[in-house]
Amino acid sequence: MALTLEGLPIIVLERICELMAQDDPTLRTVQAFALANKHCCSVAQKQRFSQIHLVLRNSGEVHNKMVRLNELLSVGGRLHYVRRLKVTRASREDIEWERSGLEYSHDRGRRYLDFDMHPFCQPTDGEHWNTSSIKGCSIKRMEDVAAFANFIRRLSHLEDLVWADMIHMPRPILSAIHSIGCRLHMHALKLDCLVPSAEQPGFTDPDQFALVTSPSFYSIVALCRNQDFEDPLGPIHTRANQEAVFRMVAGAAPNLAHVQLVDCDWKDSDATSIVARPKFLPPALVGGETKSGRLRSLALHMTSREGLTGWITKYSQIRSLESYANFSELRSLAIDMEKDDDPVLSEEVLPYLAKLAMDGNFESLRALALSLHFPENGGDRMQAAMVLLLEHLNPLESLDLHGFVSKRTYETAVRCHGATLRNLRVRPRRSDWEWRHPGPRIAFTEAVVRRLVEKCPKLKRLELPIDRKLGNAHETGIYRALSRLSRLAHVRLVLEVSIETIPGEDEEIPDPYDGTTTGPHINANNNDIPSDRIRDALINAAVDASLARSIFNMMSPDGQLNYLELRYMDRWDHPPNYADLGYLLMWVGQSWSIERDCRGEISVRRLVNCWRDWIEEQVKDMTGYEAVWESLWPPSGENWWQDWRSFPLSQD
């Protein structure tokens, strides 16, 4: 008698669902399993309803959604299955994604330095870091607030509530959270009224004070901004929230474990800033220097140029936090910045981090992410400090390096931490200034990737930039080398395209901006680019679904790879009068995600490019490249720009 799903004991099927949920936190696999038949649907209920994502686009739909949600969960004891609940407002890009039917990919949601919690509860990059994303609470009306608070109380087994992108939380909802004892994750914390103004020295908002001292707080993303505060000692540049967050870390919020500070220049608040130890800070937030907090993850992010000014720099944030937090228990540290045109880590930050590591303050650190945008002066000193930091840390499991990643920094990281690394993200930035930086940047040639495979055998997630080389043996050698990482499951490759002559495997790429480069390489001041260079650049840029699938198959001949993202990147090293060439390369330079499901079937999806329609308008009226284009792709109709395909990989 053939064994069927219906014939398996329920306990076995439930265990299968649990394993599927662990392997796929999005629960898409569990949802697919539930569609098999009624029996599977019934068995999968516990996992299907374990996490709920409630999207509130506006306050007018709160009532209807709450009624529908209560009806859905009141059947068959489903209320007791809910373990995680996320409440968020839909952004414009999310709505466009739903309409497009294509997969949207962004750095957010694919970070390598994650908080130590379920992926569903993670704060995602870019979600709340600009003024337009900072919103009030969608649940405003008193009856809606009461209904939502009662709903929370009915979720007796709720473990985590994620307040994703709303800056206010009504007091009745906070009280409901306290009553059931779940963890609270607030990813857009902004305190308008915690500190009284000079005009109202006796007033402190009790709701925000209760929020700051909540024992339910487990993770926060705190929004900070620069602001002048008049003090007897003179004007002080500071940011709202910051001192309160420091006190929360020190123990005011006793169970707070994960903190992310984000510079965000909002315009809708006239709150008085919080300064270090203001005389009117609420008494419960003023105290000694005891480090009773439980900080495990710390992330400092900058999104505005103003974040580089003022007395609270990344250096002073680190020093201030170190006086409140016990860094010996810290497991994850990230210092990053969205803007790529300014150095983030001042000359004081890296040496200070290195000193902390040398003194044993980071003994528990397992994940590190740094944005290495060095200044023109002092770069060598900072690089030496970076090497010291890497050499004095205990073996890391996750490492993310962004910006100017030198050979020395990369080789030190692999030498000291390669044996234990599970996640590695290296994003060396190609900018005109960094071409002039003393010392070579890391280039992931076939030889470098082979050494990476040897030194980092436990890698599960990886992001690297790869120079496309016409699909020749050097390029395919990189893909084949990566296939030898038996544990590798998730890869993101940034496929970089240049108009330069492709160097040999051992040839370093020269500086094209110094005005002295000779030989076959292009100087940015030249007016003409040989047609064969344009032809090669188009071949390298052209990535269609067929080529994406070929790269995936070459990297995963034994089926170990679950996900591959190919992200096109133009190095923009062509002269200014060739700006149109950049648009042409972007038109054929598409980005893709390739995914293998639990059945082994491979799906290939083009990633959404919100500029694609605009790029098409620029390309279709373009002139000057007809001969090169037609030599590659003879037109078959009026829409010549749509008649292109990628070129196959070398099989040598």
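Residues numbered from 1 in each chain as written. Predicted model: local features only at pLDDT ≥ 70, side-chain atom pairs only at ≥ 80, totals over all residues. Heavy atoms only, no water.

## Overview of the pattern of salt bridges
Two side chains bearing opposite charge may form a pair once their charged atoms approach each other closely. Summed over all chains, the structure comprises 18 salt bridges. Between Glu463 and Arg425 there is a salt bridge; the shortest N-O distance is 2.6 Å. Pair noted here: Glu463 is in strand β14 (residues 461–467) and Arg425 is in strand β13 (residues 423–428), with a separation of 38 residues, a long-range link. A single burial state applies to Glu463 and to Arg425, both of which are buried. When the shortest N-O distance is used, the salt bridge between Arg492 and Glu463 registers 3.5 Å. Taken together, the residues Arg492 in strand β15 (residues 490–497) and Glu463 in strand β14 connect sequence positions 29 residues apart. Bridged by salt links that share partners, the residues Asp400, Arg425, Arg427, Glu463, Arg492, Glu565 and Arg567 form one connected network. (Salt bridge = Lys/Arg side-chain N within 4 Å of Asp/Glu carboxyl O. Helix = DSSP H or I, 4+ residues; strand = E, 2+ residues; numbered from the N terminus. Buried < 20%, exposed > 50% of the residue type's maximum accessible area, 1.4 Å probe, protein only.)

## Notes on the confidence of the model for the chain
On average, residues of the chain score 77 in pLDDT, and 70% of them reach the 70 mark or higher. Across residues 95–112, confidence stays below pLDDT 50; counting only partners more than four residues off in sequence or on other chains, it has 55 contacts. Scored below 50 in pLDDT, residues 126–133 makes 27 contacts in the model with residues more than four places away or belonging to other chains. (pLDDT = per-residue confidence, 0-100. Contact = heavy atoms within 4.5 Å.)

## Here's the deal with the packing of aromatic side chains
Enumeration according to the criterion identifies 11 aromatic pairs in this entry. A centroid spacing of 5.3 Å and a plane angle of 85° characterise the contact between Trp629 and Trp640, whose relative ring orientation is edge-to-face. Taken as a pair, Trp629 in helix α22 (residues 626–632) and Trp640 in the segment after α22 lie far apart in primary sequence, 11 residues in all. By relative accessible area, which is 2% here, Trp629 ends up buried. For Trp640, a relative accessible area of 22% corresponds to the partly exposed category. Ring plane angle 90° and centroid distance 5.9 Å describe the contact between Trp640 and Trp641, whose orientation is recorded as edge-to-face. Of the residues examined, Trp641 reaches a relative accessible area of 9% and is grouped as buried. Within the aromatic cluster, the residues linked to one another by ring pairs are Trp629, Trp633, Trp640, Trp641, Trp644 and Phe647. (Phe/Tyr/Trp six-rings, centres within 6.5 Å; stacked < 30°, edge-to-face > 60°.)

## Some remarks on the side chain of Ser483
Mapped onto the secondary structure, Ser483 falls in the loop between α17 (473–482) and β15. With residues up to four places along the chain from it excluded, the contact list for Ser483 reads Met554, Met555, Pro557 and Gln560.

## As for empty space enclosed by the protein
Inspection of the entire model under this criterion finds one cavity of 30 Å³ or more. Together, Glu14, Cys17, Glu18, Val43, Lys46 and Gln47 line the largest cavity. Those elements giving two or more residues to the lining of the largest cavity turn out to be α1 (10–23) and α4 (45–48). Here the element with the most residues in the lining of the largest cavity is α1; it accounts for three residues. (1 Å grid on protein atoms, 1.4 Å probe; cavity = no way out; pocket = protein on both sides within 12 Å on 5 of 7 lines; lining within 4 Å. Points joined across faces, edges and corners; volume = space filled by probe spheres on them.)

## Section: the environment of Ala299
With respect to the element layout, Ala299 can be found in strand β9 (residues 297–302). Classification of Ala299 by relative accessible area gives buried; the value is 3%. Separated by 34 residues in sequence, Ala299 and Leu333 have C-alpha atoms that sit 5.7 Å apart. When residues no more than four places from it in sequence are discounted, the contact partners of Ala299 are Val259, Gln260, Leu261 and Ala334.

## Brief notes about unusual backbone geometry
Even without being a glycine, Leu27 presents a positive backbone phi close to 65°. Among the secondary structure elements, Leu27 is positioned in the loop between α1 and α2 (28–34). Under the relative-accessibility criterion, Leu27 is labelled buried at 4%.

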